[in-house]
Amino acid sequence: MSWVEKVTIVVGMVLFMECFAWGTHKYVMHGRLGWGWHRSHHEPHDHKVEKNDLYAAVFSVVVTAMFTVGIWYPRIWWAALGITVYGLIYLFVHDMLVHQRFGFRWVPKRGYAKRLLQAHRLHHAVKGREGTVSHGFLFAPSPARLKAQLRAIDERAKADAQ
Ligand SMILES: [Zn+2]
Ligand SMILES: [Zn+2]
């Protein structure tokens, strides 16, 4: 395998994982099926771990299996590395930057880091399973757009209730 191919697989997997994480977060974790685990992440608490961390545990099992199979199939090994890179970025952006886990405290004042923080905080603006916005982690829409989406969802809910 050439280096071009290896880098393409890793970068491609990082992009794919963002789409995959978006879809899983929106339709599984906020769906009836996955809310049981994800709910713990949307409720205030002072525990060090959440039931929601089980998703990360499931991903690590899958990635470990891929690295093992990858001993014989190099493309799978490099794909597993791409998922690991995504996992580390996710850990930093979501767990550390946004939720300040592991004692990490940094509030970015400008740039994309600030936008990432705002976008995910707006995801947490809604307490329940339904009516949430911004389900991606690395792709952050502008806060103004997300707030408009939240307002629209809110108005629709009010109209439905009447
Ligand atoms: Zn969520
Ligand atoms: Zn979160």
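The preceding data block contains the structure.
So, here is what we can say about the structure in this document.

The rules we used
- Residues numbered from 1 in each chain as written.
- Chains lettered and ligands numbered in written order.
- Predicted model: local features only at pLDDT ≥ 70, side-chain atom pairs only at ≥ 80, totals over all residues.
- Heavy atoms only, no water.
- Helix = DSSP H or I, 4+ residues; strand = E, 2+ residues; numbered from the N terminus.
- Contact = heavy atoms within 4.5 Å.
- Areas by Shrake-Rupley, 256 points an atom, 1.4 Å probe, with all protein chains shown as cover.
- Lys, Arg positive; Asp, Glu negative; His and termini not counted.
- Charge placed at Lys NZ, Arg CZ, Asp CG, Glu CD.
- Buried < 20%, exposed > 50% of the residue type's maximum accessible area, 1.4 Å probe, protein only.
- 1 Å grid on protein atoms, 1.4 Å probe; cavity = no way out; pocket = protein on both sides within 12 Å on 5 of 7 lines; lining within 4 Å.
- Points joined across faces, edges and corners; volume = space filled by probe spheres on them.
- Donors = N, O, S within 2.8 Å, 3.2 Å for Na, K, Ca; no water.
- Phe/Tyr/Trp six-rings, centres within 6.5 Å; stacked < 30°, edge-to-face > 60°.
- Salt bridge = Lys/Arg side-chain N within 4 Å of Asp/Glu carboxyl O.

The helix and strand inventory of the protein stands at six helices and zero strands. Taken from N to C terminus, the helices and strands of the protein fall in the order α-α-α-α-α-α. The principal-axis extent of the C-alpha atoms belonging to the protein is close to 60 × 35 × 35 Å. Pairs at least 24 residues apart make up 51% of the contacts formed inside the protein by residues separated by at least 6 positions. Roughly 10400 Å² of accessible area belongs to the protein as shown, and the carbon and sulfur atoms make up 66% of that amount. Each charge sign in the protein was given a centre, from 21 positive and 11 negative side chains, and these centres are 6 Å apart.

By secondary structure assignment, the location of Pro44 is in the loop between helix H2 (35–42) and helix H3 (53–69). Residue Pro44 is classed as exposed on the basis of its relative accessible area, which comes to 78%. Here the alpha-carbon distance between Pro44 and Lys127, two residues 83 residues apart in the chain, equals 9.6 Å.

With respect to the helices, strands and loops of the structure, Ala125 is situated in the loop between helix H5 (111–123) and helix H6 (143–161). For the pair Ala125 and His42, spaced 83 residues apart in sequence, the C-alpha to C-alpha distance is 9.4 Å.

Time to look at the layout of surface pockets. When its volume is computed, the largest pocket comes out at roughly 620 Å³. Lining of the largest pocket is provided by 24 residues; of these, Tyr55, Ala56, Phe59, Gly87 and Tyr90 occupy positions nearest its centre. Elements represented by at least two residues in the lining of the largest pocket include exactly helix H1 (3–29), H3 and helix H4 (74–98). Among the elements that line the lining of the largest pocket, the one with the most residues is H4, at nine residues.

This brings us to the coordination of the zinc ion (ligand 1). At the metal site, the zinc ion (ligand 1) is ligated by His25 (NE2), His30 (NE2), His38 (NE2), His42 (NE2) and His123 (NE2), and these contacts range over 2.1 to 2.3 Å. The exposure class assigned to His123 is buried, which follows from its relative accessible area of 0%.

All right, on to the coordination of the zinc ion (ligand 2) then. Every protein donor of the zinc ion (ligand 2) is accounted for by His41 (NE2), His94 (NE2), His99 (NE2), His120 (NE2) and His124 (NE2), and the metal-donor separations fall at 2.0 to 2.3 Å. A relative accessible area of 4% places His94 in the buried class. Classification of His120 as buried rests on a relative accessible area of 5%.

Turning our eyes to something else, we now look at the packing of aromatic side chains. With the rule as written, the count across this model stands at nine aromatic pairs. For the ring pair Phe16 and Phe20, a centre distance of 5.9 Å and an interplane angle of 25 degrees mean the geometry is stacked. Highlighted residues: Phe16 and Phe20, both in helix H1, separated by four residues, approximately one helical turn. You can call Phe16 partly exposed: its relative accessible area is 43%.

Here we take up the pattern of salt bridges. Counted by the stated rule, this structure contains six salt bridges. A salt bridge links Arg39 to Glu43; its shortest N-O distance comes to 3.0 Å. Classification of Arg39 as partly exposed rests on a relative accessible area of 43%. Among the residues examined, Glu43 registers a relative accessible area of 38% and is labelled partly exposed. Measuring nitrogen to oxygen at the nearest pair gives 3.4 Å for the salt bridge that ties Lys158 to Asp154. Highlighted residues: Lys158 and Asp154, both in helix H6, separated by four residues, approximately one helical turn.

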